[in-house]
Amino acid sequence: MNIQEFQATSSKKFELNSLSTDYNDESVSKESAEKLLKNNIKKIAEYQEMLYAQDKYSLLIIFQAMDAAGKDSTIKNVMSGLDPQGTQVFSFKQPSSEELDHDYLWRINKALPERGRIGIFNRSHYEEVLIVRVHDYVKRQKIPNEFINSNIWKDRFEQIRNFEKHIYQNGTRIIKIFLNISKEEQAKRFIKRLENPSKNWKFSSADLEERKLWDRYMSCYQEAISETSTKYAPWFVVPADKKWYARLVVSEIIIDTLKGMQLHYPEMSSEQKARIEEFKQRLKDE
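For the structure given in this document, a descriptive report is provided here. Keep in mind the model is a prediction, meaning the values are calculated, not measured. (Residues numbered from 1 in each chain as written. Predicted model: local features only at pLDDT ≥ 70, side-chain atom pairs only at ≥ 80, totals over all residues. Heavy atoms only, no water.)

Focus on the packing of aromatic side chains
Then step 1. Considering all chains together, one arrives at 10 aromatic pairs under this definition.
Then step 2. Seen in terms of ring centroids, Tyr 126 and Trp 235 are 4.9 Å apart; in terms of plane orientation they differ by 75 degrees. Their pairing is edge-to-face. In this pair, Tyr 126 sits in the loop between strand 3 (118-122) and helix 5 (131-134) while Trp 235 sits in strand 5 (residues 235-239), placing the two residues 109 residues apart along the sequence. Each member of the pair, Tyr 126 as well as Trp 235, carries the same accessibility label: buried.
Then step 3. The rings of Tyr 23, Trp 244 and Tyr 245 are connected pair by pair, giving a single aromatic cluster.
Then step 4. Stacked on the ring of Tyr 104, the Lys or Arg Arg 156 has its end atom at 4.4 Å from the ring centre. (Phe/Tyr/Trp six-rings, centres within 6.5 Å; stacked < 30°, edge-to-face > 60°. Helix = DSSP H or I, 4+ residues; strand = E, 2+ residues; numbered from the N terminus. Buried < 20%, exposed > 50% of the residue type's maximum accessible area, 1.4 Å probe, protein only. Lys NZ or Arg CZ within 6 Å of the ring centre and 35° of its normal.)

And the structure:
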């Protein structure tokens with residue numbers, strides 16, 4: 001799979017509404033995608049073991065999307081083969097009072113993956129240029145009035161780019177995934193939640209109010225993606241109307257990134273190699 005076709009460019013020419021939300025790859029069927037995903041899950045697990053053993057890099061995978069786009073199920077399925085000891089998953093909700101007493105990247109810094117680990121963000125610091133912008137929550141964030149001006153979003157994009165460049169240059173590889181669902185498909189999934197008693201809890205009347213702001217959200221997503229998709233922290237816009245296809249694409253993106261990190265197991269020193277037989281014999285003689 002050519003994952004470059006899903007990579008967003010940092011350009012004024014980037015138009016989110018021109019990208020398909022539906023499965024449009026005739027070379028992949030649902031059955032073949034499920035088989036490919038199964039193999040990819042094994043590959044990701046193998047790379048994770050090397051990442052953990054090498055203890056030099058970390059991988060941060062960020063998921064952003066509108067409600068019902070499949071963030072939870074994608075994380076659950078694609079990451080199902082990972083070793084929990086080397087994986088950290090964070091879901092960022094409304095900031096607490098403690099978090100509001102710090103800058104908006106404070107809680108993100110605390111959640112970054114350690115070397116050798118894979119970190120998964122279900123929502124992230126990008127909420128600060130999405131929902132905060134759509135609902136004008138920035139006025140609740142205790143920021144000095146002098147900084148709440150017409151440049152605030154431009155400034156935040158710059159801050160985010162600088163933050164991601166900083167962690168990249170310290171060994172954290174970054175993948176940012178936007179699960180691109182259509183408004184029509186979201187409605188279908190909401191209806192399924194309402195029809196399934198075990199899924200009712202996932203639905204809120206607030207979801208209907210958010211749908212009224214769909215166009216505003218899409219505008220904010222488009223600007224956020226185009227302003228912050230960089231070589232060191234690229235955005236990938238994944239068509240998400242078919243969950244099985246989205247999961248395959250996400251797994252391919254992760255494998256491509258891990259492969260590019262040139263991971264390997266630590267090598268024994270020449271002295272250790274020379275004494276291998278001695279070590280084996282000592283163990284046998286115990």
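Concerning the sheet that holds strand 1 (residues 58-65)
Then step 1. Read across the open sheet, the five strands follow the order 2-3-1-4-5; overall the sheet is parallel. The sheet terminates laterally at strand 2 (87-91) and strand 5, the two strands that pair on one side only. Pairs of neighbouring strands in the sheet enclose a mean axial angle of 20 degrees, with direction left out of account.
Then step 2. Strand direction decides the pairing type here: strand 1 and strand 4 (residues 172-180), joined by eight bridges, are parallel. Note that in strand 4 the partner of Ser 58 across the bridge is Thr 172. (Pairing = 2+ DSSP bridges. Axes fitted to C-alpha atoms, helices over the stretch in contact; angles between N-to-C directions.)

A word on the layout of surface pockets
Then step 1. One number sums up the size of the second largest pocket: a volume of about 390 Å³.
Then step 2. If you go around the second largest pocket, you meet 22 residues; those closest to its centre are Asp 103, Tyr 104, Gln 141, Ile 143 and Arg 156.
Then step 3. Of all the secondary structure elements, the ones that give two or more residues to the lining of the second largest pocket are helix 3 (97-100), helix 4 (106-111) and helix 6 (152-168).
Then step 4. The dominant element in the lining of the second largest pocket, judged by the number of residues it contributes, is helix 6, at four residues.
Then step 5. Here the lining of the second largest pocket is built from residues that sort into nine nonpolar, four polar and nine charged. (1 Å grid on protein atoms, 1.4 Å probe; cavity = no way out; pocket = protein on both sides within 12 Å on 5 of 7 lines; lining within 4 Å. Points joined across faces, edges and corners; volume = space filled by probe spheres on them. Nonpolar A, V, L, I, M, F, W, Y, C, P; charged D, E, K, R; others polar.)

Quick look at the environment of Leu 59
Then step 1. By the element assignment, Leu 59 lies in strand 1.
Then step 2. Along the backbone, Leu 59 and Arg 115 are 56 residues apart, and their C-alpha atoms lie at a distance of 8.3 Å.

Considering the pattern of salt bridges
Then step 1. Counted under the stated rule, the structure contains 16 salt bridges.
Then step 2. For Lys 142, the salt bridge identified is with Asp 101, shortest N-O distance 2.9 Å. Placement of the pair is Lys 142 in the loop between helix 5 and helix 6 and Asp 101 in the loop between helix 3 and helix 4, with a sequence separation of 41 residues. With respect to class, Lys 142 is no different from Asp 101; both count as exposed.
Then step 3. Two residues, Asp 136 and Lys 139, come together in a salt bridge whose shortest N-O distance is 3.2 Å.
Then step 4. For Asp 136, a relative accessible area of 35% gives the class partly exposed.
Then step 5. On the accessibility criterion, Lys 139 (62% relative accessible area) is exposed.
Then step 6. Linked by salt bridges that have partners in common, Asp 67, Arg 123 and Glu 127 make up one network. (Salt bridge = Lys/Arg side-chain N within 4 Å of Asp/Glu carboxyl O.)

Structural notes on the packing of helix 1 (residues 30-54) against helix 10 (residues 243-260)
Then step 1. Following both chains from N to C, one finds helix 1 and helix 10 inclined at 30 degrees, their axes separated by 9 Å at the closest point. Classed by the angle they form, the pair helix 1 and helix 10 counts as roughly parallel. Between helix 1 and helix 10 lies a crossing of left-handed hand. Contact residues: helix 1 offers Lys 30, Ala 33, Leu 36, Leu 37, Asn 40, Lys 43, Ile 44 and Tyr 47, while helix 10 offers Trp 244, Arg 247, Leu 248, Ser 251, Glu 252, Ile 254, Ile 255, Leu 258 and Lys 259.
Then step 2. Here the residues of the contact of helix 1 with helix 10 sort into 10 nonpolar, two polar and five charged. (Parallel < 35°, antiparallel > 145°, perpendicular 65-115°, else oblique. Left-handed = near helix turned anticlockwise from the far one by under 90°. Contact = heavy atoms within 4.5 Å.)

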